[in-house]
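# Coordinate analysis (summary)
Each chain is listed here by its residues.
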Amino acid sequence: MNKLLSILSVGLFRQMFRSATPVALAALGGAMTEHAGIMNIGMDGMILMGAFTAVAASIVSGSAAVGVLAAVLVGILVGLFFALFVVKFKSDEFIIGTALNIFAGGITTFLMWAVFGTRGTLRTTAGLPTVDLGPIGEIPFLGEILSGNSLFVYLTILLVWIMWIFIYRTRWGFWIRAAGEHPGTLRTAGISPEKMKWLSSILCGAFCGLAGAQLALGNVTMFSEGMSNSRGYVAFACVIFGAANPGKAYLAALMFGFFDALGYRLQEYNISANLTSMIPYVITVCMMVYVVVRGNRKKAKA
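Residues numbered from 1 in each chain as written. Predicted model: local features only at pLDDT ≥ 70, side-chain atom pairs only at ≥ 80, totals over all residues. Heavy atoms only, no water.

## Quick notes on the environment of Ala27
To keep it simple, the criterion reads: Helix numbering and strand numbering both begin at the N terminus, where a helix is a DSSP run of H or I of at least 4 residues and a strand a DSSP run of E of at least 2. Buried means the residue's accessible area, taken with a 1.4 Å probe over protein chains only, is under 20% of the maximum for its type, while exposed means over 50%, and partly exposed covers the values in between. What makes two residues a contact is simply this: any of their non-hydrogen atoms within 4.5 Å.
Its location among the elements puts Ala27 in helix H2 (residues 10-35). With a relative accessible area of 1%, Ala27 lands in the buried category. Each C-alpha atom, one on Ala27 and one on Ser230, is 13 Å from the other, the two residues being 203 residues apart in sequence. In this view, Ala27 contacts Ala235, Cys238, Val239 and Ala249; residues no more than four positions away in its chain are not counted.

## Notes on helix H5 (residues 93-116)
This is how it is decided: In this scheme, a helix's expected span is set at 1.5 Å multiplied by one less than its residue total. N or O atoms closer than or at 3.5 Å make up a polar contact, with two conditions inside protein: a donor-capable atom paired with an acceptor-capable one, and, for residues adjacent in sequence, both atoms drawn from side chains.
Here H5 is 24 residues long and its end C-alpha atoms lie 33 Å apart, about the 34 Å a rise of 1.5 Å per residue gives. Residues of H5 that are buried: Ile96, Gly97, Leu100, Asn101, Ala104, Thr108 and Met112. Buried residues along H5 sit in contact with helix H3 (43-61), helix H4 (64-88), strand E1 (121-123), strand E4 (222-224) and helix H11 (231-241). In this structure Asp92 caps H5, since a side-chain oxygen of it lies 2.9 Å from the backbone nitrogen of Phe94. Immediately beyond the C-terminal end of H5, within one or two residues, lies Gly117, with a positive phi of roughly 65°.

## Notes on the packing of aromatic side chains
In plain terms, the rule: Here a pair means two rings of Phe, Tyr or Trp (six-membered ring of Trp) with centres within 6.5 Å. Their orientation is stacked below 30 degrees between planes, edge-to-face above 60, and tilted elsewhere. Criterion for a charge above a ring: Arg CZ or Lys NZ at most 6 Å from the ring centre, at most 35 degrees from the ring normal.
On inspection of all chains with the given rule, the structure shows 11 aromatic pairs. On the basis of an interplanar angle of 70° and a centroid distance of 5.1 Å, the ring pair of Trp172 and Trp175 is categorised as edge-to-face. Of this pair, Trp172 and Trp175 both sit in helix H8 (residues 171-181), 3 residues apart, which is roughly one turn of the helix. Relative to Tyr281, the ring of Phe256 lies with its centre 5.9 Å away and its plane at 70°, an arrangement referred to as edge-to-face. With Phe256 in helix H12 (residues 246-266) and Tyr281 in helix H14 (residues 279-301), the pair connects residues that are 25 residues apart, well separated along the chain. On the basis of relative accessible area, Phe256 is assigned to the buried category, the value being 2%. Here Tyr281 falls in the partly exposed class, since its relative accessible area comes to 23%. In textbook terms, an aromatic cluster arises when at least three aromatic residues are bridged by ring pairs, as seen for Phe13, Phe141, Phe258 and Phe259. Taking the ring centre of Trp113 as reference, the NZ or CZ of Arg119 above it sits at 4.3 Å.

Rendered as structure tokens:
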């Protein structure tokens, strides 16, 4: 019992939010493309390029804010690149997404060496600010968990509500959903489904840029090769698990964050890091299996 209580500590839940935030931000972007009828598995590459850009820009400028802005802009450009091939040229979205992930791994490693003359890790002194919630932070246990986190932890919670309202309560959100579900009807109404797909891809790129910035400047203050570590795929799984609902996708990201944090805590008990690092990804696979089983049951009842 004492061991269980020592594992379920303040540090575990603070790490949960740190681990979940980049995944949740990317999942918000993935929800947009999913509603528009685009399967975007290129989010891992988008996160990686956003993380590198955030660190590189913060080193050059000395400002984390400039790093975040640069990461978002690069994310938008990559989103435009993705939409160009998928929407304009009608290319296979799976192939383009896979190519994007491979390209991101190569270009970030090359630029780290070519521009900064280093391999493996690129460090910066600029990091995202933490937020003190004042009296809330004085609440025992809960206050310690909620207060003092990176700015983006709180921003993500706000963005979940904003994106839910955008998707389900605005005409633009309705048009994006119609572009994926009934493009012919949307075109008859005088709205271009292709434009909505372009918009969703741009928004996805921007959110993945934010995810990369949080990963590199919020969780740590550095960039390392392949530091996205398949978080884009996990974000995609969260989107599918949550049926592209921002709130449900965020809860799925929190579940990933919890098991990721749990893996770190278990290493303190001499459990192999190779084993504990598998835990969140095994849970992600279980999430996808659940989605498939649930879908088959619904088809059988229909």
